[in-house]
Amino acid sequence: MKKLLALLLALVMVFSLAACSGGNDAEEPSGNEGEEPSGNEGDGGETPSGETDENGLVSWKLGMMDPGAWNATSGPLYAQMEAACEALNVELYYVVAQENSAEGHIAAIQNMIGADCDGIILLNGPLVQGIVQQVADMCDEAGVYWSLSWTKIEEGDGNYEACMNSEYFVSTTYEDDVHSANWCTNLLGELGCTQLCEIGFAAGNATGDMRDQGVQQGLEEYSMELLAEERDQTLTSTSDGGKTIMDRFITSYPQMDGLVIAGMSQFVLSGVVSSLEENNLQDDIQVTCIDFHEYQTQYLESGVLDGIIGGHVVGTYYSLILMANLMNGTPLTEEKALIEDNFIELASYEDALIWDEYGNTGDIYTAEETLNMMQKVNPDFTYEDLLAVVDAYSLDDIVTRAEARA
Amino acid sequence: MQKFKKLLTSIGMLVVIPAAVYAIFCIVRPDAFLTSGAVYSVFLQSCAACVLAWGISFSLTAGITDFSVAAERILGTVLGVILSRSMGIAGLVIGCLAVAIVCGVIKAILNSMIKMSSMVISIAYVYILGAVGSIVQGTNSMILTSDMCVLGKSPAIWIITAVCGLIMFLLNHYSVFGANCRALGGSNKIAREAGVSKGKTEGKAIIFASIFAAISGIMATSYGAGTVAQTGLASMSIIFPAIIGVNIGLLLTKWVDITFGTIAGVVTMNILGTGLTAMGVPAQLKDTFTGAFLLILMCLSSFLSMKRAEKVRRQASELAAQAAGAAN
């Protein structure tokens, strides 16, 4: 009986994890399972040769990390990926990282490889956990194409070399995180703030380091002072933690007139706002933050939030376009692509309304637009065209394209 | 007179740690700490953590380490926030308590059947509850509007904390359940030989922890105006401040009831957190300071215990010598 119950518990756990996976995980891959790859257009040389759809696009399987709980950044990102995968005849396979550690990420990637994924697109996990080289080795050994997103690599940093030396590396997309934090800090400077506090990522986070650099630049540009910072993950991972942090800042630094949330906004912002409202300081302390939040429109309308930068939800999509073209034997470039994509800056309530209407829809790029980026469907589409699409990404671009469709 | 002296000692021991820490920060940053607002803020921050700490105190005393109450709390708040959209504050309360009761009962039943380390099983629960929380959340907004946050504001938050504290005190002092938990924590074998049912007592402690975690979830969600589902082991970070609070409370049990000792522990940690923020200590060093503080506290406690044992031994040998002298 006891053994049976232990087994039952283990099964429940397995099923709960399976429930987090994509909607069609249970299906057998329709791609190249068990078949010899036929293409060799990419550097790695092996592409799927599975069934093709009505557009002539070959079926293949893409592995990604499970997005976990929905938030205003991961939600639109994965919604866009799911929509694009459907259009491109790609089976999306989610794997949960059991723990937020190097080992957890490596195990998850091994699971993707074990599940016969033809390609893998990862966010900044490998960079944060310092396992880019290990990922390169694993993918090269298994013959699986891989891309990164939210990951800036530079010559000499080791990660760049790992990617460039990997036979199966396709691309990385990244945003200028120095710019994002700098934009937030400068906005506070323009609003007349002089004494700031910061909420950020825990130490050792590569993205956090870049954002800190941006904050520092802003402080120098506007001669502002950073009074205190909070990075304690036991606080920054909950909304009540956010309120505690803000209460502590208010208690300790009555002169504080600005707050930069350079990380964990999705968790802490509502608590920060609650604290400001309770202390009736919403007009005295200006707040800017990175990463979109589900209540940003309301906060911008009430004036408790002064600016938010985010919308970096399409980098993985660009990686997918590159990989899908490669899988279909029509690579857009023979080079390993390093693409910088844009943030969306919301400095007013009106901006937020525009984002809500046109950007926060899960299909910033429609199925038709996605198919048009495939050389098999649109032979005239080039790598330069893709770079133009990336470069154009902005609030104006989203609105223009949406209105053209309408 | 003896009773009065004991009461004074208890009060002294209760306030000595938080007061000492507070005094240090008053010296360093008097402008920030010598204000009623600072004290109020620290106590307000401590309410939800105190209730969570009380909840897990019986389990910890009985020897059960259950990390999953935090994941359970998050799942409850996720459901509660969704229900609050249609049912208002009642929805939040119902969601949290319903999850607590269901999870608590299931965990209690499984605990009596699976003979395995509670810590290991609780990690499995954390994964399951985290995944379920994420599924339940879906794309629902997890933010509470200001009018829904009444239970996290004064006076409601004080009243809830006081009532929970009273229940905790009564159960710990006057109930068989409280005594059984202490007996199990002291020695499993002796407790069982004395007729204490391990399964039932642990089961009750697990359900009690679940319910108090749900109450703390209601308070924390109302206090911070929202919640977010957390997958994997991310939710575990919530439980550690409460465990630290209980452990400081346990250190003080020689002098004060664990109910009050836990308050002292949680409040002390919040004073420390606020103080380190006020001092502008770099984030990387805060954990070092907190760890060092806990180590000093443990060492001090061990030292005092040794002193006390030595005093008892000395008194006993003196008595024995006197008795031997009288016999001669």
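Describe unusual backbone geometry, and please don't skip the residues or the numbers.
Going from serine 154 of chain B to proline 155 of chain B, the amide bond is cis rather than trans, its omega being 5 degrees. Tracing the sequence through the fold places proline 155 of chain B in the loop between α6 (118-137) and α7 (156-174). Backbone geometry at asparagine 89 of chain A places phi at a positive 65 degrees, although glycine is not the residue there. With relative accessibility at 21%, the residue asparagine 89 of chain A sits in the partly exposed group. Residue tryptophan 150 of chain A is not a glycine yet carries a positive backbone phi of 55 degrees. Considering the arrangement of structural elements, one finds tryptophan 150 of chain A in the loop between β4 (145-148) and α6 (159-165). The class for tryptophan 150 of chain A is buried, based on a relative accessible area of 18%.

Account for the sheet that holds strand β2 (residues 90-95) of chain A, with residues named and values stated.
Residue and element names in this part refer to chain A. An order of β2-β1-β3-β4-β5-β11 is seen for the six strands of this open sheet, with the pairing classed as parallel. Strands with a single pairing partner mark the edges of an open sheet, and in this sheet they are β2 and β11 (337-340). Pairs of neighbouring strands in the sheet enclose a mean axial angle of 20 degrees, with direction left out of account. Of the strands in this sheet, β1 (60-65), β2 and β3 (119-122) are in contact with helix α3 (residues 102-114), which crosses β1 at around 165 degrees. Here helix α5 (residues 132-142) sits on the sheet in contact with β3 and β4, set at roughly 160 degrees to β4.

Would you mind going over the environment of tyrosine 125 of chain B in detail, with residue names and values included?
Turning to its location among the elements, tyrosine 125 of chain B is positioned in helix α6. The spacing of tyrosine 125 of chain B and leucine 319 of chain B is 194 residues in sequence and 54 Å in space, taken between C-alpha atoms.

Describe the interface of chain A and chain B, listing the residues and the values that go with them.
Every contact between the two is made by 45 residues of chain A and, on the other side, 54 residues of chain B. Here chain A and chain B share two salt bridges between them. Arginine 73 of chain B is the salt-bridge partner of aspartate 240 of chain A, the closest N and O atoms lying 3.7 Å from each other. Here chain A and chain B share 17 residue pairs in polar contact (both at pLDDT 80 or more) between them.

Can you explain the pairing of β3 of chain A? Please cite residues and give values.
The side chains of a regular strand alternate between the sheet's two faces. All names here are of chain A. Along β3, one buried face is formed by Gly119 and Ile121 and the opposite face, lined by Ile120 and Leu122, is buried too. Bridge analysis of β1 against β3 gives two bridges, and the strand direction is parallel. Within β3, the position partnered with glycine 63 by the bridge is isoleucine 120. As defined by bridge partners, β3 adjoins β4 across four bridges and the pair is classed as parallel. Among the inter-strand pairings, leucine 122 is bridged to a residue of β4, identified as leucine 148.

So what's going on with the nonpolar core? Which residues, and what values?
In this structure, Leu62, Trp146, Leu259, Trp355, Leu386 and Tyr393 of chain A are the most contacted members of the largest nonpolar core, which totals 114 residues. Among the elements that make up this core, the one with the highest residue count is helix α13 (residues 315-327) of chain A (nine residues). The two domains that each donate at least three residues to this core are domain 1 (47-175 + 313-342) and domain 2 (177-310) of chain A. When neighbours within four sequence positions are excluded, tyrosine 393 of chain A is seen to be in contact with Gly311, Val313, Val314, Tyr318, Asn342, Ile344, Trp355, Ile364, Tyr365 and Ile398 of chain A. Leu44, Trp54, Phe177 and Ala191 of chain B belong to the second largest nonpolar core, which has 67 residues in total.

I'd like to hear about the domain arrangement of chain A, residue by residue, with values.
Residues and elements named next belong to chain A. Here chain A is described as being made up of domain 1 (47-175 + 313-342) and domain 2 (177-310). The C-alpha-based centres of domain 1 and domain 2 are spaced at 31 Å. Taken residue by residue, the interface counts nine residues in domain 1 and 11 residues in domain 2. Together, the buried faces of domain 1 and domain 2 total about 760 Å²; carbon and sulfur atoms form 52% of this surface. On the domain 1 side of the interface with domain 2, the three residues burying the most area are Ala72, Val128 and Glu175, jointly 42% of the side's total. Our count for the domain 1 to domain 2 interface comes out at zero salt bridges. Across the contact surface, domain 1 and domain 2 share two residue pairs in polar contact (both at pLDDT 80 or more). Per-class residue counts for the side of domain 1 that touches domain 2 are four nonpolar, three polar and two charged.

Quick rundown of the sheet that holds strand β12 (residues 344-346) of chain A? Include the residues and the values.
Residues and elements named next belong to chain A. Here six strands make up an open sheet; going across it, the order is β7-β6-β8-β9-β10-β12 and the pairing mixed. Only two strands of the sheet have a single partner each, and these edge strands are β7 (225-230) and β12. On average, adjacent strands in this sheet sit at an angle of 15 degrees to one another, irrespective of strand direction. The sheet contact formed by strand β10 (residues 307-310) and β12 spans three bridges and is antiparallel. Within β12, the residue paired with glycine 310 across the bridge is isoleucine 344. With respect to the sheet, helix α10 (residues 239-252) is in contact with β6 (195-199), β7 and β8 (258-261), its orientation differing from that of β7 by roughly 145 degrees.

Explain the pairing of β10 of chain A to me, and be specific about the residues and the numbers.
Residues and elements named next belong to chain A. The side-chain alternation of β10 yields two buried faces, one formed by Gly307 and Ile309 and the other by Ile308 and Gly310. As defined by bridge partners, strand β9 (residues 286-290) adjoins β10 across three bridges and the pair is classed as parallel. By the bridge assignment, cysteine 289 is partnered in β10 with isoleucine 308. With helix α12 (residues 296-302) bridging β9 and its parallel neighbour β10, the resulting β-α-β unit is right-handed.

The rules we used
Residues numbered from 1 in each chain as written. Chains lettered and ligands numbered in written order. Predicted model: local features only at pLDDT ≥ 70, side-chain atom pairs only at ≥ 80, totals over all residues. Heavy atoms only, no water. Helix = DSSP H or I, 4+ residues; strand = E, 2+ residues; numbered from the N terminus. Buried < 20%, exposed > 50% of the residue type's maximum accessible area, 1.4 Å probe, protein only. Pairing = 2+ DSSP bridges. Axes fitted to C-alpha atoms, helices over the stretch in contact; angles between N-to-C directions. Contact = heavy atoms within 4.5 Å. Salt bridge = Lys/Arg side-chain N within 4 Å of Asp/Glu carboxyl O. Polar contact = N/O pair within 3.5 Å; in protein donor to acceptor, adjacent residues only side chain to side chain. Core = buried A, V, L, I, M, F, W, Y, C linked by side-chain atoms within 4.5 Å. Domains from an automatic or database assignment. Buried area = accessible area lost by both parts, 1.4 Å probe. Nonpolar A, V, L, I, M, F, W, Y, C, P; charged D, E, K, R; others polar. Right-handed = clockwise from strand over helix to strand, strands pointing away.

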